[in-house]
Amino acid sequence: QVQLVESGGGLVQPGGSLRLSCAASGSIFSIYAMGWYRQVPGKQRELVATITSSDSTNYADSVKGRFTISRDNAKNTVYLQMDSLKPEDTAVYYCNADAPPEDYWGQGTQVTVSS
C-alpha cells in the first residue's frame, strides 16, 4: 500500500550536517502524517520529529533547534535536515507514515557522527 525509501545517511564529523530524504509511493502522500524515528543498539526506537498533513511539526527535546523536518507533497517526499550533529545522534534513522489503518516504516538509513 505504502512504500518508503530513506536516503542521505552516512558518516559525518561532530558539528556537521546531513539531509535525510524519505520517498513515499503506493498511495496518496499528502494526507499522511509523517515522522522520523531513530534507534540505537540496546534501546527502543524513539521519535525524532513529526509533521502533519497541515505542516504542523513536533521535535524531540534532544534535537530541537538542530533538526528540521519538512515535506514536499509534489515529490511525495519528507526531509530531515540535521545540523550541529553530535555523537549521540548516531543511530539508524527510520521514516514513518501514519496511513490509517496501517503504520508504515522504511528500512532505515545509518547516521554515524564521529571524528
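Notes on the structure in this doc start here.

About the thresholds
Residues numbered from 1 in each chain as written. Predicted model: local features only at pLDDT ≥ 70, side-chain atom pairs only at ≥ 80, totals over all residues. Heavy atoms only, no water. Disulfide = S-S within 2.5 Å. Helix = DSSP H or I, 4+ residues; strand = E, 2+ residues; numbered from the N terminus. Buried < 20%, exposed > 50% of the residue type's maximum accessible area, 1.4 Å probe, protein only. Pairing = 2+ DSSP bridges. Axes fitted to C-alpha atoms, helices over the stretch in contact; angles between N-to-C directions. Phe/Tyr/Trp six-rings, centres within 6.5 Å; stacked < 30°, edge-to-face > 60°. Lys NZ or Arg CZ within 6 Å of the ring centre and 35° of its normal. Salt bridge = Lys/Arg side-chain N within 4 Å of Asp/Glu carboxyl O.

## Structural notes on the state of the cysteines
Under the criterion given, the structure shown has one disulfide. Bridging C22 to C95, the disulfide has an S-S length of 2.0 Å. The S-S bond linking C22 to C95 shows a torsion near -85°; that makes this disulfide left-handed. In this pair, C22 is assigned in strand 3 (residues 18-25) and C95 in strand 9 (residues 91-99), connecting sequence segments 73 residues apart. Residue C95 is classed as buried on the basis of its relative accessible area, which comes to 0%.

## Some remarks on unusual backbone geometry
Apart from glycine, the bulk of residues carry a negative phi angle, and the bulk of peptide bonds sit in the trans form. The step from P100 to P101 runs through a cis peptide bond, and the omega angle for that step is 10°. Structurally, P101 can be placed in the loop between strand 9 and strand 10 (102-105). Positive phi, close to 50°, is recorded for S84, a residue that is not glycine.

## Things to note about the sheet that holds strand 1 (residues 3-7)
The antiparallel open sheet is built from four strands, whose spatial order is 1-3-8-7. One side of each edge strand has no neighbouring strand; the edge strands of this open sheet are strand 1 and strand 7 (67-72). The mean angle between the axes of side-by-side strands here comes to 15°, regardless of whether they run parallel or antiparallel.

## Regarding the packing of aromatic side chains
Within this structure, the stated rule accounts for one aromatic pair. When the ring centre of Y94 is taken as origin, the NZ or CZ atom of R45, which lies over that ring, is 3.6 Å away.

## A few points about the pairing of strand 4 (residues 33-39)
Extensive coverage of strand 4 is indicated by the burial of five of its seven residues. Pairing geometry for strand 4 and strand 9, over seven bridges, is antiparallel. Counterpart to A33 in the pairing with strand 9 is D98. Here strand 4 runs beside strand 5 (residues 46-51); their pairing, made up of five bridges, is antiparallel. In the sheet register, G35 faces strand 5, and the bridge partner there is T50.

## Some points on the pattern of salt bridges
As enumerated under the stated definition, the model contains five salt bridges in all. Note that R38 and D89 form a salt bridge whose closest N and O atoms lie 3.0 Å from each other. Residue R38 is found in strand 4, and its partner D89 is found in the loop between strand 8 (77-82) and strand 9; the two are separated by 51 residues along the sequence. K64 is paired through a salt bridge with D61; the nearest N and O atoms lie 3.5 Å apart. For D61, a relative accessible area of 68% gives the class exposed.

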